[in-house]
Amino acid sequence: MALVAYLLTLAVFLYAAESKYLQYNTTSVLVPGKLNVHLVAHTHDDVGWLKTVDQYYVGSNNSIQGACVQNVLDSLIPALLADKNRKFIYVEQAFFQRWWRDQSEEVQDTVKELVSSGQLELINGGMCMHDEAAPHYIDMIDQTTLGHRFIKQEFNVTPRIGWQIDPFGHSAVQAYLLGAEVGFDSLFFGRIDYQDRAKRKVDKSLEVVWRGSKSLGSSAQIFAGAFPANYEPPSDNFYFEVDDTAPIVQDDMDLFDYNVPNRVNDFVSAAMLQANITRTNHIMWTMGTDFKYQYAHTWFRQMDKFINYVNQDGRVNALYSTPSIYTDAKYAADESWPIKSDDFFPYADHVNAYWTGYFTSRPALKGYVRVMSGYYLAARQLEFFKGRSKSGPNTDYIADALAIAQHHDAVSGTSKQHVADDYAKRLSIGYVEAEKVVAESLACMTEPSQAHCKSVSTEFQQCPLLNISYCPSSEVDLSKGKDLVIVVYNSLGWKRKDVIKIPVVSKNVIVKDPTGKEIESQILPLLNASLSIRNNLVKAYLGISLSVTPGYSLAFSATVPPLGFSTYIISSAKQKATSTSERLAVQKTQQSQKNEIEVGPGSLKLIYSGNDGKLIEYTNSRSLVKQSVDQSFSYYPGDDGTHANKSDLQASGAYIFRPNGTYPINSEGKVSLTVLRGPLLDEVHQRINSWIYQVTRVYKEKDHAEIEFTVGPIPIDDGIGKEIVTKITTSMKTNKQFYTDSNGRDFIERIRNYRKDWNLEVNQPVAGNYYPINLGIYTKDNSTELSVLVDRSVGGSSIVDGQLELMIHRRLLYDDARGVGEALNETVCIQDDCKGLTVTGKYYLRLDPIGEGAKWRRSFGQEIYSPFLLAFTEQDGDHWIKSHVTTFSGMDPSYSLPDNVAIITIQELENGKILFRLAHLYEIEEDKDLSVMASVELKKVFAKKQIKKITEMSLSANQGRAEMEKKRLAWKVAGSSEEEPKTLRGGPVDPTKLVVDLAPMEIRTFTINFLSKHSTAEN
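Position numbers for residues count from 1 along each chain, tracking the sequence in the order it is written. Restriction of local features to residues with pLDDT of at least 70 applies here, the model being predicted, together with a cutoff of 80 or more for giving and counting side-chain atom pairs; totals for whole chains, interfaces and linings are based on all residues. As a rule here, side-chain values cover all heavy atoms of the structure and leave hydrogens and water aside.

(A) The pattern of salt bridges, seen in detail. Salt bridges, as used here, are contacts in which a Lys or Arg side-chain nitrogen is within 4 Å of a carboxyl oxygen on Asp or Glu. Evaluation of the coordinates by the stated rule reveals 67 salt bridges. Notably, a salt bridge pairs Lys340 with Asp757, separated by 2.6 Å at the nearest N-O pair. You can see Lys340 sitting in strand S11 (residues 339–341) and its partner Asp757 sitting in the loop between strand S33 (747–751) and strand S34 (771–773), a full 417 residues away along the chain. Accessible area is worked out with a 1.4 Å probe on protein chains only. A residue is then buried under 20% of its type maximum, exposed over 50%, and partly exposed in between. Overall, the relative accessible area of 3% leaves Lys340 in the buried class. Of the residues examined, Asp757 reaches a relative accessible area of 25% and is grouped as partly exposed. Ionic pairing is found between Glu683 and Lys501, a salt bridge with its closest N-O pair at 2.6 Å. Within this pair, whereas Glu683 is found in strand S28 (residues 681–689), its partner Lys501 is found in strand S15 (residues 496–504), the two being separated by 182 residues in sequence. The exposure class of Glu683 is buried, given its relative accessible area of 2%. Strands are runs of DSSP state E lasting at least two residues, helices are runs of H or I lasting at least four, and both sets are numbered from the N terminus onward.

(B) Quick peek at unusual backbone geometry. The omega torsion across Phe345 and Pro346 is -10°, close enough to zero to call that bond cis. In this model, Gly712 is joined to Pro713 through a cis peptide bond whose omega is -10°. Checked against the element boundaries, Pro713 lands in the loop between strand S30 (705–711) and strand S31 (722–730). Phi is positive for Ala957, which is not a glycine, with a value near 60°. Note on placement: Ala957 falls in the loop between strand S47 (947–953) and helix H20 (961–967). For Met1001, which is not glycine, the phi torsion reads 70° and is therefore positive. Tracing the chain through its elements places Met1001 in the loop between strand S49 (995–998) and strand S50 (1003–1010). Judged by relative accessible area, Met1001 falls into the buried class, the value being 1%.

(C) Up close: empty space enclosed by the protein. Points on a 1 Å grid over protein atoms alone make up a cavity when a 1.4 Å probe fits among them but cannot get out, and a pocket when they form an open set with protein on both sides within 12 Å along at least five of seven lines; lining residues each have an atom within 4 Å of a point. Grid points are joined across faces, edges and corners, and a volume is the space filled by probe spheres set on the points. Counted by the stated rule, this structure contains 11 cavities of 30 Å³ or more. As a volume, the largest cavity reaches approximately 150 Å³. For the lining of the largest cavity, the element with the highest residue contribution is helix H17 (residues 853–865), accounting for five residues. Empty space within the second largest cavity amounts to approximately 110 Å³. Along the wall of the second largest cavity there are 13 residues; nearest its centre are Glu207, Ala226, Pro228, Gln274 and Tyr326.

Worth remembering: the numbers are spatial, not functional.
Here's what the structure looks like:
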């Protein structure tokens, strides 16, 4: 009997085996009148997070995470070739370009065909999916341009879609600048506030027309869509990686567990749920998530089956699609869409979980990224002036390192520690090569004739650790007849004057300007606290134990032409300067004094209390501003996630800011003030406690105060993580209103405990009012503006009227359960002695009469981003001024850019062509004088060249601007009139006059060809 049963079973098996093959109908068309479900196959590949970018690419270090992008791309191509109806989108160019370089010409040709046919669509197109809170807009443009130009060069296509699905909140600059202005037709993202999302589902307003710029209005609007729930498939039932647990479509009726009807019902039910919260008869399913499609066939096999059987069922229409196809379908529906302005910050994914901590997380990395960004801008200019070297050092590596650092787990501070170290390492390697570019360029440009640049013997050194008073090049003995030559380069488009400070070993030195004339200088003693910080950090980061330390800082005022340099000579004084007492003054003030202490050699005075050493007043005799001001430090204990409500386990961590109270940081005993006075600047040194040190500087010719803080190691001996803030408190009546910038561009009004788009339920009154700051934050009342500018990305707010606060450091002991799996507890080790991270940074404080603050915020904001670049060399004797070029400007010597315009890119491309960008710095109605059309004369900007051809491009320089505008989709906006007010824009550039006009907030991008190969020989 058993044998008969076996034979019958075998016969059934053989019969079934003869008819196994099924051809699935995956024809993908849109069906009018039916719900169309657009299946968008994608993988989200973080350019570093739990593993480094290279580990993710090759698939190493899998004990942390099983992820290999190489496998994704390797398996994707044959999966697409298996069915011409299949489609896939790919985003991160940092990975794609690594893979592309490894492929044979045959595979590359195949991929080009897939891209050309639309089966493989390269969207977003930057090197990474950049963060939207912490990056500066110039970095966002640069990293996008780097990816877009590669795609154009290799595939002759321009990405149409913005795909910012994972950043933790979304900026106005992303919408109008990195969306509409790069030529995108739409922008999609995954993360918006849970309260906002809930309301938008009810209103069917997850998809909107987003106008991110009040200055550019509808001319820079974009169709934007937030997904119903992050960027993954619609439910756990639709994940199909080889080891995923979702039920597959089992359609072999000869096998057990046949489930086609059930799976079709699952599909239709999920589709109808989404249709109920979406306008039009088109919905998008994001079929994929982090590092999926490592075996791509497992996903496509299931989607093939769904399309086949769902379309046979007929209730809805399923199709392989892309965001481009989806966008075109939405546009064709001729729907009127809700309008969205401003941004999507801050972001919370549930109660008590505001993702506002990462605005400050890893402040040292954030500072390093910003410094390298400004350096890269200057290095590209110098590379252009000398002429780009194809074989020698160039700026390519730092460009790539900076691009990767903009990733939403990099500059955001939300990666694992070893990954953060990797980002910093790449920046360091890039800096070293760019440093050679700068040194070689300046060596060439200082020669009287650049015809023989290859034989130039001058070796310039630079001092990347000058911020901690470490500069071996300036710490030299000049008493034996040597002079120190300092070439000061200004990357801004206008003449600039600023105070330079360098460490020196002797106070008996003088400074000469480019003509050889001695100029005023000031000697400041390097105090023990500063030397201690310097020596510890040099030992930690360079492994050097310093035996000799400089005793002084030398300060002098340098004036430098636009896009140019000036040379200053430091030499030993022939005789002891009689004015030493004027150049060097120290006043030590103890807490016991009762009188007030006035600081400041110019019109700005800061008044300190002699009783407790605290700042009490800010007064400016020029602007007639007088305001009581208090500056203090506080900390928020990081919540550890333990609560009586066992369902509330949220801790403060790398992403999340969840304070558990707030406490002032009081001084340990008496606070002593050490005041250093001089003709150029006054300094106030304050030891707040054993781990906070502060220096406040007031310059004779500046109307702002510079506050330099050194914070750390943050103590955790009590088992409590701490988030450190500095607060500026005034008596101003600010009515809950304050303003923060969007990636360094537009300022957006914030109102405490309020959201424009929904009725906010306040559950975190501090964290829920924090916003990202890249340029600055300000507040105002009827008479006065209080502004604070920053040197890196930080989080900040106005929690109390009349007060601004910045979070400047964080050290936490618990993970916040958002995937990184580490507490944000950064340490620095000297051999085996590891201590918490110490951070040094600056912010800048100013008060102005109402309506006058914008001029300072915009102009000085450019100076913060683009500080003077200093290069040092030594000479024997006193012949440099006679034998070298001591001053240079790349522009006409009589010309300067308008005060409201900045050059943000000069970069040599191929065949002598350059990429050139100009940015208007002001919004409409921001300033009564400067929020106007501005004009730039290119003939004077490039006075030493002759322009042969100029072409206006899209922001990312991958298509002509006119071509981009012709393709722009004109979306209907609900509730608006047919005629939108015309936005002011600069017109076409006359090829004869070569004058560029810029309207408020406009950025214009050009490629320029010169008649002959550029060189500075015409100097």
